[in-house]
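# Summary of the model geometry
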Amino acid sequence: MKGKGYQAFRKFLPLFDRVLVERFTAETVTKGGIMLPEKSQGKVLQATVVAVGPGSKGEIHPVSVKVGEKVLLPEYGGTKVVLDDKVRNNCSMSDIC
């Protein structure tokens, strides 16, 4: 049986041209096997699209990304949203590369 967190996530849909994305986790070990401390890990700019709004205001212009696609994000863009104990970002379509 699915809990309340799952139901809350199912009800969360972005408005207009907003896109809900989940960032990838940072690599903690290099290919050579060296463990990286948290300070030396860069901020991950890649994410997976989790939910998509219907389109921009006024005339409906459909959003060009679909759920499940991988996208690039700006370093400081979007609004953090916590759902099901996972941090996700709510970004504008214009912020996504």
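Residues numbered from 1 in each chain as written. Predicted model: local features only at pLDDT ≥ 70, side-chain atom pairs only at ≥ 80, totals over all residues. Heavy atoms only, no water.

Turning next to the overall build of the protein. Summing up its helical and strand segments, the protein has 1 helix and 5 strands in all. Reading the secondary structure of the protein in the N-to-C direction produces α-β-β-β-β-β. Put simply, the protein has 97 residues, and 27% of those count as buried. For the protein, long-range pairs separated by at least 24 residues make up 60% of all intrachain contacts whose partners lie at least 6 apart in sequence. When the accessible surface of the protein is summed, it comes to about 7200 Å², and 57% of that surface belongs to carbon and sulfur atoms. (Helix = DSSP H or I, 4+ residues; strand = E, 2+ residues; numbered from the N terminus. Buried < 20%, exposed > 50% of the residue type's maximum accessible area, 1.4 Å probe, protein only. Contact = heavy atoms within 4.5 Å. Areas by Shrake-Rupley, 256 points an atom, 1.4 Å probe, with all protein chains shown as cover.)

Caution applies to low-pLDDT regions: their predicted coordinates should not be interpreted in detail. Mean pLDDT over the protein: 76, with 80% of residues reaching 70 or higher. Strand 3 (residues 70-72) holds the highest mean pLDDT among the elements of the protein, 88, whereas helix 1 (residues 4-11) holds the lowest, 53. (pLDDT = per-residue confidence, 0-100.)

Turning to the side chain of N90, a few remarks are in order. Examined against the element boundaries, N90 turns out to sit in strand 5 (residues 86-92). Setting aside residues up to four positions removed in sequence, N90 forms contacts with F12, P14, R18, V19, L20, G78, T79 and V81.

Counting residues in hydrophobic clusters, the biggest one holds 11 residues: V19, V21, A47, V49, V63, V65, V71, L73, C91, M93 and I96. Those residues within four positions of L73 in sequence are excluded, and the remaining contacts are V21, R23, L45, A47, C91 and I96. (Core = buried A, V, L, I, M, F, W, Y, C linked by side-chain atoms within 4.5 Å.)

All right, on to the pattern of salt bridges then. Per the counting criterion, the structure on display carries 1 salt bridge. E22 is the partner of R88 in a salt bridge, and the nearest nitrogen-oxygen pair spans 3.6 Å. With R88 in strand 5 and E22 in strand 1 (residues 18-23), this residue pair connects regions lying 66 residues apart in the sequence. For E22, a relative accessible area of 26% translates into the label partly exposed. (Salt bridge = Lys/Arg side-chain N within 4 Å of Asp/Glu carboxyl O.)

It is worth spelling out the environment of K80 at this point. Among the secondary structure elements, K80 is positioned in strand 4 (residues 79-83). Placed 59 residues apart in sequence, K80 and V21 show a C-alpha to C-alpha distance of 9.8 Å. Beyond its immediate sequence surroundings of up to four residues, K80 is in contact with V87, R88 and N89.

This part covers the pairing of strand 5. Along strand 5, 5 of the 7 residues are buried, which leaves the element largely enclosed by surrounding structure. When strand 1 meets strand 5, the two strands line up antiparallel, connected through 4 bridges. Residue pairing for strand 5: V19 is matched across the bridge by C91. The sheet contact formed by strand 4 and strand 5 spans 5 bridges and is antiparallel. (Pairing = 2+ DSSP bridges.)

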